[in-house]
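Chain and residue survey
Spelled out, the chains give:
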Amino acid sequence: MARRVVVALLAPIAWAPPGVDPVRWRSALAEDVVDLLAMLNEVDTAVAVTPADRWLADAVIWPGTRVYEVPEPSPNAVFAALTGAHGPDGTDLSPGAGPAGEPTPATDDRYEQVAVVAGDAPDLPGLTVGKLLRPLTSRPVAVAPAEGGLPGLLGVAARLPVPSWLPPLDLDATVPAAVRAAAPRPGDLAVTPSWHRLRGPADLARLDPALSGWEHTRSLLSGAGHSG
C-alpha cells in the first residue's frame, strides 16, 4: 500500500460566531480536526501552519504529530514541504519538519500520496477523507468541494511529486472547475464527495449533533448559546 499522509492545514479564519472569541473558536476547530485525523487508519497524520501560527499547532497536536511550517497557508506550500530538500545524510531540511521542528530522517516523509484538508471542518467524517484519497490509485489529483454558498475546497489530494500542471490552490477560493481546466485531460482530476466547513452563520445549521466527535466546537457553541 502506498505511504499516505493527511495534513490539516490550520489557516487563519475570517469568521467566528457572535459571542465566541475568535482565537478560542479557531483553536476548537483545529483541535477537533486534529483529533479526527489521529483516529484514521492506514495513514500518517500531520498539521501545517505558518511560523506565526506555530502556537496553534503546539496547542492541538497529539504527541509525535509532525508539524510542517509553511511560508503560506496553501496546499501547494504543504506539497512543497513534503517534497523538500534533503541533506547528504538523508536528513529532511524542510523548515519546521518534525514533531518539535527538529530535522527528521527523510525516509519518514517520503510519502507517495498526500491529502490536505481544511482546519475548519470539525465534524468531518473519516470516510470523506478516505474518499478523497481513494482516486489516487488511478488519478494524479482529487479535490473535495466545500458545501455551502461560498467557493472553495474542503481538501485536495495528490500523488507525490505533484503534477506540474497543478495550479496554485486556495482552499477558500478555488473551485474544482478551475483545477480541471488546468489539467491536460479532464480525467486527470477526480471530484470526491463534498462536506461543509464553518465559514459563516449558515454553516452552523449544517452541524449534526448526532455525529460523534467535534467535542471542542460543540462545547464552545453550547457555552455561547448556539445550538448545533
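This text goes with the structure placed above it.
A short tour of the structure in this document, coming up.

About the thresholds
- Along each chain, residue indices are assigned from 1 in the same order as the chain's sequence is written.
- Given that the model is predicted, a residue must reach a pLDDT of at least 70 before its local features are reported, and side-chain atom pairs must reach 80 or more before they are shown or counted; all residues, however, enter totals for whole chains, interfaces and linings.
- In computing side-chain values, all of the structure's heavy atoms are included and hydrogens and water are not.
- Labels follow the DSSP assignment, with helices taken as runs of H or I lasting at least four residues and strands as runs of E lasting at least two, numbered in each case from the N terminus.
- We call two residues in contact when some of their heavy atoms are within 4.5 Å.
- Salt bridges, as used here, are contacts in which a Lys or Arg side-chain nitrogen is within 4 Å of a carboxyl oxygen on Asp or Glu.
- Burial classes follow relative accessibility: with a 1.4 Å probe on protein chains only, a residue under 20% of its type's maximum area counts as buried, one over 50% as exposed, and anything between as partly exposed.

**Notes on the environment of Ala28**
Checked against the element boundaries, Ala28 lands in helix α1 (residues 22-38). Spatially, the C-alpha atoms of Ala28 and Gly119 are 9.9 Å apart, while their sequence positions differ by 91 residues. If sequence neighbours within four positions are ignored, Ala28 has contacts with His216, Thr217 and Leu220.

**Remarks on the pattern of salt bridges**
On inspection of all chains with the given rule, the structure shows nine salt bridges. In this structure, the salt-bridge partner of Arg199 is Asp172, at a minimum N-O distance of 3.7 Å. With Arg199 in the loop between β8 (195-196) and α6 (201-204) and Asp172 in the loop between β6 (153-159) and α5 (176-182), this pair connects stretches of sequence that are 27 residues apart. Note that Arg185 is salt-bridged to Asp188, the shortest N-O span being 3.2 Å. Residues participating in the shared-partner salt-bridge network are Asp120, Asp172, Arg197 and Arg199.

**Quick notes on the environment of Ala11**
Tracing the sequence through the fold places Ala11 in the loop between β1 (4-9) and α1. Between the alpha carbons of Ala11 and Asp53 there is a distance of 8.4 Å; along the sequence they are 42 residues apart. The residues contacting Ala11, other than those within four sequence positions of it, are Arg26 and Pro73.

**Some details on unusual backbone geometry**
Here the bond from Leu160 into Pro161 is cis, since omega is -5 degrees, no more than 30 degrees from zero. Here Glu42, not a glycine, exhibits a phi torsion of approximately 65 degrees, which is positive. By the element assignment, Glu42 lies in the loop between α1 and β2 (44-49). Take Glu42: its relative accessible area is 57%, and that puts it in the exposed class.

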